[in-house]
Amino acid sequence: MSTSLSRQGSLTLTQQLAERLAERIRMRLLPAGTRLPSVRECARQQNVSAYTVVAAYDLLQAQGLVEARPQRGFFVRDFVQNLPLLQDGQAQIAMKSAATQMPAGLTPGARINASMLIRGMFVESVAGKPQPGAGVLPAEWLDVGFLAAAVRKVSSGQGLRESMVRYGEPMGDSSLREALARRMQRLGIAASPAQIITTMGATQALDIVSRALLQPGDPVMVEEPGWAVEYARLAAMGMRVLPVPRGPEGPDLAVMQRYCETMAPKLYVSVSVLHNPTGYSLSAASAHEVLQMAQRHGFYVVEDDTYCHIAPDHAPRVTALDRLQRSIYISGFAKVLVPNWRIGYLAAPPELVERLLDTKLLSTLSTPTLMEQAMALCMEQGQLRRHAERLRQHLGQARSRSVALAQQAGCRFVAEPAGMFGWVDTGVDTETLAQRLLDEGYLIAPGAMFHASRGANTCMRINFATTQDAAFWRVFETAVKQMQDAA
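First, a word on what this report is: a plain description of the structure on this page. (Residues numbered from 1 in each chain as written. Predicted model: local features only at pLDDT ≥ 70, side-chain atom pairs only at ≥ 80, totals over all residues. Heavy atoms only, no water.)

## So, the sheet that holds strand β11 (residues 421–425)
Where strands meet in a sheet, backbone hydrogen bonds hold them as pairs that are either parallel or antiparallel.
No. 1: Ordered in space as β10-β11-β13-β12, the 4 strands form an open sheet in which the pairing is antiparallel. The open sheet terminates on both sides in strands that have one partner only, identified here as β10 (412–413) and β12 (445–446).
No. 2: Relative to β11, β10 runs antiparallel, the two being bridged by 2 bridges. In the sheet register, Phe-413 faces β11, and the bridge partner there is Val-424. (Pairing = 2+ DSSP bridges. Helix = DSSP H or I, 4+ residues; strand = E, 2+ residues; numbered from the N terminus.)

Quick look at the structure:
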């Protein structure tokens, strides 16, 4: 692949790179079982962003030409050995024939999806650019000094040996569950330590609830727009996703009622406070209506309070009103503290605790005691609370700057800016826009991926912490103008 990719061509860099690799695979210049260069190495070779490489590899995987192997990378699939070794015109015919075997509905360019956005969290842009589509805060905002001190303290003496040679408590470390119960009390949520189960992050807590309470094919109500990973996770488990439009006050209650009457949903999953991607927070009146509906129709409300640390304590929460009768509370620390520690938790009605615990034990046995004890210490000493206050100040300043830059670039905020994310209307199809911006080394989160049924969408989610860079907005404006001129 010595010829450089063209930034002036009709195809995006993603498409060019994917086609170049696809041709080499089909001509068997890259035999079956060959490992493709790492994302970082390929980005360096081609002088493109890591996100462009991720998108190209995703496209090749969708075409069935490569496969991803956990912890190892991308490899050429074995089935391509069955393609005859042809020359020139015959090879072109074979390539066209293979192209007709692509999955139905596949677009020529890679589509940014939930798994790609997640992988984007684990690679760095070649130019070190802040990423507007990121779902995490900048590493420099996450103060780990007091965490390191807490780890040293809990691992002193026999602490380290005890945490290494024994499994942790099945429910999670008791000191952390006690600290979490006190934290939830401050939010108005009455939960005893016996109702709290620690998990490997909030995402695993959601997974445990789904596996414990659902069977494949069960209908689940999920907010729309909503968290792309939740759509992908439920779909992968074989659940029937029922999108419920989310507004400033809460979900569309009329839509929920129709689902209840015709589909008998088992769960309603909601980010009630600082909703992702809009930033909306649930009103007390709407929370009350949702709970009444849950009681009448027998479904559970799963409240994902991932952003609780940057949200006001007094914000209405379903679980506070319900006192954990028809509701399950989920949260974690990855967004505001240490993503790699993967500490999350759930609090549930007493009658569900054993079922949820069994599901946790079958999947992970236990969670890391040392990390949980260190987190408990940070909570007890007030360090987590002070850190969260600093983050709220940083976010407030970043939000002001990002909003001003976005509006200057011609964006309109669909929802009042709040919390970590902004939901903006760009005026152009953001999936197409995403392809253009990938070529410039920027990964955005297009609006379509926040909807259960992906279609053309002019909105995108921005991370206020990573969109304070005026350089990005200049590139954004240029790309939007090019699209408008071409229309």
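So that's the structure; there's more coming.
## What to know about the sheet that holds strand β7 (residues 300–304)
No. 1: Taken in spatial order, the 7 strands make up an open sheet running β3-β9-β8-β7-β6-β4-β5, and their pairing is mixed. With one partner strand each, in any of the chains shown, β3 (196–200) and β5 (240–245) form the two edges of the open sheet. Recorded for the sheet is a direction-independent mean angle of 25 degrees between the axes of neighbouring strands.
No. 2: Across the sheet, helix α9 (residues 201–213) is in contact with β3, β6 (267–270), β7, β8 (327–332) and β9 (343–347); its angle to β8 comes to roughly 155 degrees. (Axes fitted to C-alpha atoms, helices over the stretch in contact; angles between N-to-C directions. Contact = heavy atoms within 4.5 Å.)

## Examining the pattern of salt bridges
No. 1: This structure, assessed with the given rule, holds 14 salt bridges.
No. 2: Glu-169 serves as the salt-bridge partner of Arg-177, at 3.5 Å between the closest nitrogen and oxygen.
No. 3: By relative accessible area, Glu-169 is classed as partly exposed at 34%.
No. 4: The partner of Asp-305 in a salt bridge is Arg-317, and the shortest N-O contact between them spans 2.5 Å. Placement of the pair is Asp-305 in the loop between β7 and α13 (318–322) and Arg-317 in the loop between β7 and α13, with a sequence separation of 12 residues. Take Asp-305 and Arg-317: they sit in the same class, and that class is buried.
No. 5: Where salt bridges share partners, they join Asp-207, Arg-211, Glu-230 and Arg-233 into one cluster. (Salt bridge = Lys/Arg side-chain N within 4 Å of Asp/Glu carboxyl O. Buried < 20%, exposed > 50% of the residue type's maximum accessible area, 1.4 Å probe, protein only.)

## Here's the deal with the pairing of strand β1 (residues 66–69)
No. 1: In this sheet, strand β2 (residues 73–76) lies alongside β1 in antiparallel orientation, the contact comprising 4 bridges. Looking at β2, one finds that Glu-67 is bridged to Phe-75.
No. 2: In this structure, the hairpin formed by β1 and β2 is closed by a connection of 3 residues, where Gln-71 is found at a positive phi of approximately 65 degrees.

## Here's the deal with helix α18 (residues 470–486)
For the α-helix, the turn length of 3.6 residues means that residues three or four positions removed from each other point alike.
No. 1: Taking 1.5 Å of rise per residue, the 17 residues of α18 would be expected to cover 24 Å, and the 25 Å separating its terminal C-alpha atoms lies within 8% of that figure.
No. 2: Where α18 is concerned, the buried positions are Phe-472, Trp-473, Phe-476, Ala-479, Val-480 and Met-483. Taken end-on, α18 shows its buried residues confined to a sector of 125 degrees, consistent with a single buried face. Residues of α18 that are exposed and angled more than 90 degrees away from the buried face: Arg-474 and Asp-485.
No. 3: On the buried face of α18, the contacting elements are α16 (383–408), α17 (430–439) and β13 (459–463).
No. 4: Measuring from the backbone nitrogen of Ala-471 back to the side-chain oxygen at the start of α18 gives 3.0 Å, which picks out Asp-469 as the cap. (Expected span 1.5 Å × (residues − 1). Arc of directions from axis to C-beta. Polar contact = N/O pair within 3.5 Å; in protein donor to acceptor, adjacent residues only side chain to side chain.)

## Things to note about the packing of aromatic side chains
No. 1: Going through the model one piece at a time under the given rule, you end up with 10 aromatic pairs.
No. 2: Considering the side-chain rings of Tyr-307 and Phe-421, the 5.9 Å spacing of their centres and the 85 degrees angle between planes classify their relative orientation as edge-to-face. Of the two residues, Tyr-307 is situated in the loop between β7 and α13 and Phe-421 in strand β11; the sequence distance between them amounts to 114 residues. Like Phe-421, Tyr-307 is buried.
No. 3: Arranged with centres 6.1 Å apart and planes meeting at 45 degrees, the rings of Phe-472 and Phe-476 form a pair that is tilted. With Phe-472 and Phe-476 both in helix α18, this residue pair falls 4 residues apart, about one helical turn. The pair formed by Phe-472 and Phe-476 is uniform in burial state, with each residue classed as buried.
No. 4: Three or more aromatic residues link up through ring pairs in this structure, and these residues are Tyr-442, Phe-472, Trp-473 and Phe-476.
No. 5: The positively charged end of Arg-69 is found above the aromatic ring belonging to Phe-75, 4.1 Å away from the centroid. (Phe/Tyr/Trp six-rings, centres within 6.5 Å; stacked < 30°, edge-to-face > 60°. Lys NZ or Arg CZ within 6 Å of the ring centre and 35° of its normal.)

## Digging into the pairing of β13
Each regular strand displays side chains that alternate between the two surfaces of the sheet.
No. 1: Summarising burial for β13: 5 of the 5 residues are buried, a large majority.
No. 2: Of the two faces of β13, the one lined by Cys-459, Arg-461 and Asn-463 and the one lined by Met-460 and Ile-462 are each fully buried.
No. 3: As judged from the 2 bridges shared by β12 and β13, these two strands associate in the antiparallel manner. Bridge pairing links Ala-445 to Arg-461 in β13.

## Considering the packing of α9 against helix α10 (residues 228–236)
No. 1: Following both chains from N to C, one finds α9 and α10 inclined at 35 degrees, their axes separated by 11 Å at the closest point. Relative to α10, α9 is oriented so that their crossing is right-handed. Residue-level contacts link Leu-206, Asp-207 and Ser-210 of α9 to Glu-230, Arg-233 and Leu-234 of α10.
No. 2: In terms of residue class, the contact of α9 with α10 is built from 2 nonpolar, 1 polar and 3 charged. (Left-handed = near helix turned anticlockwise from the far one by under 90°. Nonpolar A, V, L, I, M, F, W, Y, C, P; charged D, E, K, R; others polar.)

## Observations concerning the nonpolar core
For soluble globular proteins, nonpolar side chains are generally found buried alongside one another.
No. 1: Counting 48 residues, the largest nonpolar core has Leu-137, Met-184, Tyr-329, Phe-333, Leu-337, Met-375 and Met-379 as its most contacted members.
No. 2: At the level of elements, α6 (145–154), α8 (174–186), β9, α15 (369–380) and α16 are the ones that each hand at least two residues to this core.
No. 3: Once residues lying within four places of it in the same chain are set aside, the contact partners of Leu-137 are Leu-142, Lys-335, Leu-391, Leu-395, Met-420 and Ala-465.
No. 4: Membership of the second largest hydrophobic core comes to 28 residues, among which are Met-237, Val-269, Val-302 and Ile-330. (Core = buried A, V, L, I, M, F, W, Y, C linked by side-chain atoms within 4.5 Å.)

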